[in-house]
Structures are given as structure tokens and as C-alpha cells.
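Observations on the three-dimensional arrangement
Spelled out from the first residue to the last, the chains are:
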There are 2 protein chains.
Amino acid sequence: MERFPYPLARVGIIGGGQLGRMLVKPAKRLGCTCVVLDPTPNSPAGQVAGHQIVGHYRDPAKLRELVSVCDVTTYDIEDVDTDTLTALEREGHRIYPQPGVLAVVQDKLHQKERLASAGIATANFIAMDQAEPRAFATFGYPLVQKARRGGYDGRGVVVMKDAADYDDRLSVPSLVERFIEAEKEIAVLVAQGLDGERRAYPVVEMCFRPGENILDLLLAPARIPPEIAAAAQRLACRAVEAIGGVGIFGVEMFLTRDGDLLINEVAPRTHNSGHYTIEACLTDQFEQHLRALLDLPLGATDQLSPAAMINLLGAPGRTGRPIIRGLADALAIPGVSVHLYGKATTRPYRKMGHVTILDQDIEEAKRKAERVRTLLEITGEEPL
Amino acid sequence: MERFPYPLARVGIIGGGQLGRMLVKPAKRLGCTCVVLDPTPNSPAGQVAGHQIVGHYRDPAKLRELVSVCDVTTYDIEDVDTDTLTALEREGHRIYPQPGVLAVVQDKLHQKERLASAGIATANFIAMDQAEPRAFATFGYPLVQKARRGGYDGRGVVVMKDAADYDDRLSVPSLVERFIEAEKEIAVLVAQGLDGERRAYPVVEMCFRPGENILDLLLAPARIPPEIAAAAQRLACRAVEAIGGVGIFGVEMFLTRDGDLLINEVAPRTHNSGHYTIEACLTDQFEQHLRALLDLPLGATDQLSPAAMINLLGAPGRTGRPIIRGLADALAIPGVSVHLYGKATTRPYRKMGHVTILDQDIEEAKRKAERVRTLLEITGEEPL
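Residues numbered from 1 in each chain as written. Chains lettered and ligands numbered in written order. Predicted model: local features only at pLDDT ≥ 70, side-chain atom pairs only at ≥ 80, totals over all residues. Heavy atoms only, no water.

1. As for the overall build of chain A
Broken down by element type, chain A carries 12 helices and 20 strands. Over its C-alpha trace chain A gives a radius of gyration of 20 Å, about what one expects of a compact globule, namely 21 Å for 384 residues. Expressed along its principal axes, the backbone C-alpha trace of chain A runs to roughly 60 × 50 × 45 Å. Split into buried and exposed, the 384 residues of chain A put 60% on the buried side. (Helix = DSSP H or I, 4+ residues; strand = E, 2+ residues; numbered from the N terminus. Rg over C-alpha atoms; globule rule 2.2 N^0.38 Å. Buried < 20%, exposed > 50% of the residue type's maximum accessible area, 1.4 Å probe, protein only.)

This is the structure:
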């Protein structure tokens, strides 16, 4: 029988945001210690890890410092320096998902090519090194232009309905995709173990505010027929198999009006769409990620209760010290769990926290979530 | 609408053990910061709080230092200096449960007298300042002798079946109770808000190993008829009303073979019998305790799934750095959540962690718990 001296492992986390913060909790619970690398002292993850290296997650020396004191290293963010990490991996350090996997996924064009070459359905796409009106017109509108690198939470993505939207173009190497009129946007979390085992979580439904690309409301499970849900889970597992690597992956997809499933994007990390698993599932996504990278058995993904989730974004026009309004009113609603991320400063639309709502009836969970959204506000002490 | 600048509150925790550790997590999630007072640097709670005052929880100067930097202070342990805390409370510091309540509960005789004077059924009892054979005989065997102060986890409690057991007597001021042949030992967690609102959790069943007084296996909900469960919840609420104070209380009781309910003891804090609430209930006992002491609305106590819980005790005969055996095998069982407390040194029977097992079938949860107990062991690097 295996035998672990305590601590089980020293876990390094590149980036000290909310994903790292939520990863630290199960890590400590399972007998690990944690070290966080982040440029901001007392980062959200650093506050609970107890040990933070203050430095940038693209600084090779700092990355080396982190990886050297840890048994295994993972990420809170995708936008890291994979060259340094690849070199560190070659020296024998355990880094998951593997830097080579991250390098593929970081580049949206390479990610799409990888998926397409595995025969996985995605929106049609072309590469575009430099935006050109004719190339857009030839590809045809409506389309979506995505920066190959560095975009997230709606940044680096432009939807163009027709040629008049050309002014909104991105002037960086990009990927141009067919705009999909989705019936629903859905997501599936998939855990992939060191032994290649894969486990999918229930399919969730993501609602976005018109014109924004930040998740506005999440419903778990998605309100779709069971056969489509099963097909989405199979497709997500195939996508993660094609990408490779170890850990949790968030697989976003479109369900078209014709009932087809198209993969939109694979995130090689714990995912905003999986925060509900903390309250609602037998094994939450953060513990699952750890189990994968520590080569422990993957946990059951069963969901105990329907759930809704909303992000708490910094109010527009304000910054500075966060002010929380409506907390008591929100907590008076049964089944509400509030997660604040401990960020010292708010900014417009910054992710400051999230709220999960459990209810036996998914429609009631949704109504409660909408009510929480009207009640709870994170604003700032100072005008922008 | 109420308006909280972040952090919502600085929460002081007297004692840095596992209860404090599990309290820090929801505290941070709700936007609080935490300060722990404990004599051992890097205590279980200190590891996650990020701020620990190293000092004894009976040291008046250290208690003052803690309370002075916090908006509200609570306890991880009961055995604290209530005189100092009472003085600090008079100066206007918020300390919950109130030191006066703690003073009553700390003394098992005063606690019983308080319950009895409120007309709450308990085992018959007498005070005994000094053990005397004649006094025991007059009271009659079988009996239980309990030290008035300082006992926990089986320490300070002696069961005497007959006069031959007199040699085991405690030589401290004590309480002598009728020994109850319990059909089951059960417990109910009750949350009491600042506004006097009370909410009871489901009744749980506590199984002890013969001859030991440390909880061996917990089943939630208890396998008892619903009308008895409802009566137990009502009785627990009456007991907590009689004791008074703010926060979570663990109410232990006997269910006799005749179907009567007798209060055994009230613990003025989060309780070992309530750890299952982290995974199984809409609001866990730690968040509930915080909601009470921050004057936020109490949360729903609904249970989402049957649960079993076992404590992970340090193996006999060993000490030093903990060695964890069988973790992977235990985690391979669906629904298993392992909680290690981060204690740097193990000792025989020291509480090193606990495991919660969720399963739709309580009997299956129990079988899984028993299996986890045979698989998972925490031993030490050194012989004693």
C-alpha cells in the first residue's frame, strides 16, 4: 500500500488569482502545502496558501524558483511562459498540464488545428496573420475574429455581423471563425488522469449578456435532452483526448439550432463554468484537478443538486477598496453560497467573486440567481 | 441596504486547531480576514488564516492582543480564560459565544444545573467536590463521574459499573450522573443568531468504540423514526435557548431504550458531529457559525445526501512526522472526502483528520466508512 509522509506534496501554483485560491483549499485538505507565484503581494491564492513568491509568472528566474521548491506545479492562468516551463520539465520537474500541451492550447489557431485534425467538429476557420477587408469578405460574414494569444473574458474576441463591423477588427495574428447562431452555449468539464482515465462532469449551460463575453449566468445541469447531454460529454472527452495532458479541462461548445455540437474552445485548467461543483458535486473541480496531477484516483463527478452560478463583477465606473452591498439580503435566500476572492482593489467588470445557488428545481435556482444579481453589488470606494 | 467595506470583518479565533482551520475557509469566502491565537507556530488554523499570534489562549495579554485587532472573536476550543474575555467584552469587544455563556458551559455542573432549571431532561446528577465511596454508593451504580472542568475526547470521564470500579475515580471536583443505557447516542447542531433565531440541523447518530469516548463513526441522518428526530431537534433548541449565546452549539443526547431523550452535553462551538455538513448540507456548520456571529441571516440546514463520517486518529505507539497510508485506495471509493488537519506531529489517538462519505444509501455510506477506516491510517515516523 502506498505511503505518503506529510506533506503529501508541495504544490506550486503559477498565478495567484481565484482559481489558485480555490485550488489551495482542497490541496491543504488532502495534506499538501502550497506555494503561489504572483506579482501582487497577498494575492487571492497567496492569502490562503501561506507561501507566495512575489514575481511575475512570465519571469524565467521566478518560475524556476517556484518549480524548484515544489513537487508538482500547475497553473491558475494560461498566459505563461511555456519555453521556460518546457526547459524545467526536461530537467525532470513535474508540471501539469504539461507545458507542451499548454503551448498548443494557448495559441487558438494551433488548438483549433489540433481539434480539427482529430476530426472534432468546430466552427469553420481560417488563419489570418493580418486583418484584411478582402480576406474577411472572402471568408464571409457573420464571423468571429479571435486573437491567437492572450485573450480571455471577452478580450481578444470580435464579432462582425457584416463588413460595417470591420472597424472593430483586431490588429494581431488571429483566427477567423464562422459565427455560430447557437441555440445554447454549453460546457463540459473533463478530468484527465496521469493514467489516461477521463471523467466528464454534467453538461452546464452558459448564458452571456448580449454583446459581452463574460459568463453571466450558469445553469447546471444544462436544460437539454439527455441524449444531447451524453453526446456533449462524449465530444468533450474526445476533445480533451486530442489535446492531451493531465488535469481538469473546461470544454466550451455550441449547441446549434439544428442540434449539432461544435467545440468552441478548450481551457487547460479549472474553469469558471465549474465553480458550481464546489457545492453541487461529489468531487469539486479543484480537488479533481489535484487528484489528477498527484496521480490519485479521479473522484466521482455526480451532481447532488441542481445549481445556478453568477459571477460578481466589479461595478462600472468605480475602483479602489471594494464595497459589498446587499450581502445580508442575498444570504437570506436559502441555498446561496457567496465566494469573495479577497481582491484588495475592484475595477469595472473585474471578477471579484461568484455566487452558487442550489435548489432542487433548476428554474427556481435560476430565479434565485437573478434575484441575487439584483441584490448583491461590488463597487469601489473611488470613482474611476 | 447594508454596505460592507472589504474586508467584511476581521475574525479572531482563540485556538488554532482543526475547528479554527475549517472556520477560516468560509470566513475568507465571505470576505473576512482571520487572526488565530495559538501557542504552536504554523498551527492548523494559522496555516490558512495567514495571520497567527503565537501565544497561549489562556494568556491575558495575548487574548487582549487578539481581541484588539479583531472586529469579532470566537473560539476553536472551550478551555479558555473567561475572566479576561469577560473584561474585554465589558470594554466593548464582540466575543461570541459570550464569555458568560462559555463560563457556564465550561463547568459541567453549572451547565447541568442550567439545563435542569429550564426543565430540560438530563440524567440525574449530583455535585461531588471530592470522591467518596459512600457518596457513590448512596447515589447508586452504575454511574458516570465527570470532571467539572477541562475534560474532552474521553478525558475526564469515568464510567463505574459497580463499587469495584471506584479505583478509577477522578480526584477533582466533579459531577456524578446516572449511567444511561442508551439505545443510541445522537446529536443535533443548533445555530443561534444575534436576533435569537434558532435553526437545527438534522439529527445525527454517534457511534463510539466500546470503552472509548472518541466518536468512531457518525451517521447523518440518524436512523431513528421521524417523530423522535423532530422531538430531538425541539429539545436541542430548548437546551440552546436555556444556555443562551450566539453561534453554533453541538447538543449531544441519549435516546433511551424506552424512547426518552436526555440531554448529555452542550458544546458551545462547532462540533465534531457536524463536520459532515461541509459536504452534505446547504450551509455548513462553520459558515453558519460565522453568519451568526456576523449578524448575517442564518443559512438553510437542509441535507442534500446521507453521509457518514469517521475521525482519523493518530495510530497507537507512534509519534513524529505523520505518515499517511492508504490514501489512494480510500479516494478510489466514490463519495469520499478526506480532510487532513495539517498537524506537523502525530500522537496516539490525536485527531489528525476526518473523512466524510456521501452516498444516497446511508447503510452503504456506513459500509464505505468502515472500509475507509481499514484502508486509511495515520501513523508516525518514530516509535513512542
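That was the structure; now back to the text.
2. Some points on the pattern of salt bridges
In the structure shown here, the tally under the stated rule is 50 salt bridges over all chains. In this structure, a network of salt bridges that share partners links the residues Lys108, Lys112, Lys146, Glu177 and Glu265 of chain A. (Salt bridge = Lys/Arg side-chain N within 4 Å of Asp/Glu carboxyl O.)

3. Some details on the relation of the copies chain B and chain A
Of the transformation superimposing chain B on chain A, the axial component is 0.0 Å and the angular component is 180°, with the fit at an RMSD of 0.1 Å. Classification of the inter-copy transformation places it as that of a two-fold axis. Using C-alpha coordinates, one finds that chain B approaches the rotation axis most closely at Val48 of chain B, a distance of 2.5 Å. Of the interface residues in chain B, 100% have counterparts in chain A that sit at the interface too, so the contact is made through matching surfaces. (Least-squares fit on C-alpha atoms with pLDDT ≥ 70 in both. Contact = heavy atoms within 4.5 Å.)

4. Concerning the side chain of Gln18 of chain B
Residues and elements named next belong to chain B. Looking at where Gln18 falls in the secondary structure, it is placed in helix α1 (residues 18-29). For Gln18, a relative accessible area of 13% corresponds to the buried category. At 2.8 Å, the side chain of Gln18 and the side chain of Lys343 are in polar contact. Discounting chain neighbours no more than four positions away, the residues touching Gln18 are Pro44, Asp76, Tyr341, Lys343 and Lys351. (Polar contact = N/O pair within 3.5 Å; in protein donor to acceptor, adjacent residues only side chain to side chain.)

5. Focus: the interface of chain B and chain A
If you look at the interface, chain B gives 50 residues, while chain A gives 50 residues. In total, about 4,500 Å² of surface goes out of reach between chain B and chain A, with carbon and sulfur atoms giving 59% of it. Per-residue buried area on chain B facing chain A is highest for Tyr6, Arg29 and Leu331 of chain B; these three make up 16% of the total on that side. Applying the counting criterion to the chain B and chain A interface returns zero salt bridges. In this structure, the connection of chain B to chain A is made through 18 residue pairs in polar contact (both at pLDDT 80 or more). Listing elements by their share of the side of chain B that touches chain A, those giving two or more residues are β1 (3-5), α1, α2 (46-49), α10 (285-293), β17 (318-325), α11 (327-331) and β18 (336-340) of chain B. Taken together, the residues of the side of chain B that touches chain A sort by class into 27 nonpolar, 10 polar and 13 charged. One ladder, built from three bridges, connects strand β17 (residues 318-325) of chain A with β1 of chain B; its direction is antiparallel. Directly across from Ile323 of chain A, in β1 of chain B, lies its bridge partner Pro5 of chain B. (Buried area = accessible area lost by both parts, 1.4 Å probe. Nonpolar A, V, L, I, M, F, W, Y, C, P; charged D, E, K, R; others polar. Pairing = 2+ DSSP bridges.)

6. Remarks on the sheet that holds strand β3 (residues 33-38) of chain A
Residues and elements named next belong to chain A. As summarised here, the arrangement of the four strands in space is β4-β3-β2-β5, forming an open sheet in which the pairing is parallel. Taken across any chain shown, the strands that pair with only one partner, and hence form the sheet edges, are β4 (52-54) and β5 (72-75). On average, adjacent strands in this sheet sit at an angle of 20° to one another, irrespective of strand direction. Note: strand β2 (residues 10-14) against β5, four bridges, orientation parallel. Looking across to β5, one finds that Gly12 is bridged to Thr73. Packing against the sheet, helix α3 (residues 60-68) makes contact with β2, β3, β4 and β5, and its axis sits at approximately 180° to β3. (Axes fitted to C-alpha atoms, helices over the stretch in contact; angles between N-to-C directions.)

7. With respect to the sheet that holds strand β8 (residues 157-160) of chain B
All names here are of chain B. Sheet architecture is open: four strands sit in the order β6-β9-β7-β8, paired in antiparallel fashion. The two strands at the open ends of the sheet, each matched to only one other strand, are β6 (125-128) and β8. Here the average twist between neighbouring strands, direction ignored, is 20°. Here strand β7 (residues 143-147) runs beside β8; their pairing, made up of four bridges, is antiparallel. Residue Gln145 lies in a different strand from β8, and its bridge partner there is Val158. Together, β6, β7, β8 and β9 (174-178) form the strand contacts of helix α6 (residues 108-117), whose direction differs from that of β6 by roughly 145°.

8. Regarding the UniProt feature "binding site: ATP" (unreviewed entry) in chain A
Residue and element names in this part refer to chain A. In this numbering, the UniProt entry assigns the feature "binding site: ATP" (unreviewed entry) to Lys108, Lys146, Glu177, Arg178, Phe179, Ile180, Glu185, Asn264 and Glu265. Classification of Ile180 as buried rests on a relative accessible area of 15%. Sequence-distant contacts of Ile180, defined by excluding residues within four places in its chain, comprise Ala123, Phe254, Thr256 and Leu262. Given the relative accessible area of 11%, Asn264 is considered buried. When near neighbours in sequence (up to four residues on either side) are disregarded, Asn264 contacts Lys146, Glu177, Glu252, Met253 and Phe254. (UniProt positions renumbered as here; feature names shortened; annotations may be inferred.)

9. Points about the packing of helix α3 (residues 60-69) of chain B against helix α4 (residues 82-90) of chain B
All names here are of chain B. Where α3 contacts α4, the axes come no closer than 10 Å and their chain directions differ by 35°. Viewed along their axes, α3 and α4 form a crossing whose handedness is right-handed. Touching Pro60, Leu63, Arg64 and Val67 of α3 are Thr84, Leu85 and Leu88, all from α4. By residue class, the composition of the contact of α3 with α4 is five nonpolar, one polar and one charged. (Left-handed = near helix turned anticlockwise from the far one by under 90°.)

10. A look at helix α8 (residues 226-243) of chain B
Along an α-helix, a turn takes 3.6 residues, which lines up residues three or four apart on a common side. Residue and element names in this part refer to chain B. Helix length check: α8, at 18 residues, gives a terminal C-alpha distance of 26 Å against a target of 26 Å (1.5 Å per residue), a fit within 8%. All buried positions along α8 are accounted for by Ile228, Ala229, Ala232, Leu235, Ala236, Cys237, Ala239, Val240, Ala242 and Ile243. For α8, the elements touching its buried residues are α5 (99-106), α6, β10 (182-192), β11 (198-200), β14 (247-256) and β15 (261-267). (Expected span 1.5 Å × (residues − 1).)

11. Here's the deal with empty space enclosed by the protein
Counted by the stated rule, this structure contains 10 cavities of 30 Å³ or more. Taken as a whole, the largest cavity spans an internal volume of roughly 610 Å³. Along the wall of the largest cavity there are 32 residues; nearest its centre are Ile278 and Asp284 of chain A together with Ile278, Glu279 and Asp284 of chain B. Within the residue set of the lining of the largest cavity, elements represented by two or more residues are α1 (18-29), α9 (277-280), α10 (285-293) and β18 (336-340) of chain A together with α1, α9 (277-280), α10 and β18 of chain B. Each residue belonging to the lining of the largest cavity can be placed in one class, and the counts come to 15 nonpolar, seven polar and 10 charged. (1 Å grid on protein atoms, 1.4 Å probe; cavity = no way out; pocket = protein on both sides within 12 Å on 5 of 7 lines; lining within 4 Å. Points joined across faces, edges and corners; volume = space filled by probe spheres on them.)

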